[in-house]
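Each chain, written out:
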Amino acid sequence: MRVEVDVPKCVASGQCVMIAPDVFDQREEDGIVILLDEQPASELHADVRESAVVCPAAAIRVVEK
């Protein structure tokens, strides 16, 4: 799995950080997403997929390998 984020689309809702804090974080100044791990471990894949689904801006893309 590879994770991509479209930073300009992010609306800083923080859903991804709550679901997968090992993969996503937020910038202090504006809450915009920070991708911490582009290729997360397999045990995090379900959380990453859920983050992509619940993202209100559809700013997270999961590329399955």
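See the structure printed just above.
This write-up is about the structure you can find in this document. (Residues numbered from 1 in each chain as written. Predicted model: local features only at pLDDT ≥ 70, side-chain atom pairs only at ≥ 80, totals over all residues. Heavy atoms only, no water.)

## Considering the pattern of salt bridges
We apply this condition: For this document, the term salt bridge refers to a Lys or Arg side-chain nitrogen within 4 Å of an Asp or Glu carboxyl oxygen.
Under the criterion given, the structure shown has 5 salt bridges. Taking the shortest distance from any N to any O, the salt bridge between Glu4 and Arg2 comes out at 2.5 Å.

## Topic: unusual backbone geometry
Note the threshold: Here a strand is any run of E in DSSP of at least two residues, a helix any run of H or I of at least four, and the numbering for each starts at the N terminus.
We note that Ala12 has phi near 60°; this positive angle belongs to a residue other than glycine. By the element assignment, Ala12 lies in the loop between β1 (2–5) and α1 (15–19). For Ala58, which is not a glycine, the phi torsion comes out positive at approximately 55°. Its location among the elements puts Ala58 in the loop between α2 (45–54) and β4 (60–63).

## A short note on the environment of Val62
The following threshold applies: Contact between two residues is taken to exist if any of their heavy atoms lie within 4.5 Å; hydrogens are not considered.
Along the polypeptide, Val62 turns up in strand β4. A sequence separation of 61 residues divides Val62 from Met1, and the C-alpha atoms of the two residues are 6.8 Å apart. If sequence neighbours within four positions are ignored, Val62 has contacts with Met1, Arg2, Val48, Arg49 and Ala52.

## A closer look at empty space enclosed by the protein
As a reminder, the rule being used: Only protein atoms enter the 1 Å grid used here. Points where a 1.4 Å probe fits but cannot escape make up a cavity, open sets with protein on both sides within 12 Å along at least five of seven lines make up a pocket, and a residue lines them when an atom lies within 4 Å of a point. Grid points are joined across faces, edges and corners, and a volume is the space filled by probe spheres set on the points. Residue type decides the class: Asp, Glu, Lys and Arg count as charged, Ala, Val, Leu, Ile, Met, Phe, Trp, Tyr, Cys and Pro as nonpolar, and the leftover types, Gly among them, as polar.
Scanning all chains against the criterion turns up 1 cavity of 30 Å³ or more. In this structure, the largest cavity occupies an estimated 120 Å³ of space. The wall of the largest cavity is formed by 16 residues, among which Cys10, Ser13, Gly14, Cys16 and Cys55 lie closest to the centre. Across the lining of the largest cavity, the residue classes break down as 10 nonpolar, 6 polar and no charged.

## Comments concerning α2
What counts here: The rule is simple: take the accessible area with a 1.4 Å probe, protein chains only, and divide by the maximum for that residue type; under 20% is buried, over 50% is exposed, in between is partly exposed. What the arc covers is the set of directions going from the helix axis to the C-beta atoms.
Taken together, the buried positions of α2 are occupied by His45, Val48, Ser51 and Ala52. Down the axis of α2, the sector holding all buried residues measures 120°, keeping them to one side. More than 90 degrees from the buried face of α2, the exposed residues found are Ala46 and Val53.

## Remarks on the side chain of His45
Relative to the elements of secondary structure, His45 occurs in helix α2. For His45, a relative accessible area of 14% gives the class buried. Excluding residues that lie within four positions of it along the chain, His45 makes contacts with Met1 and Pro40.

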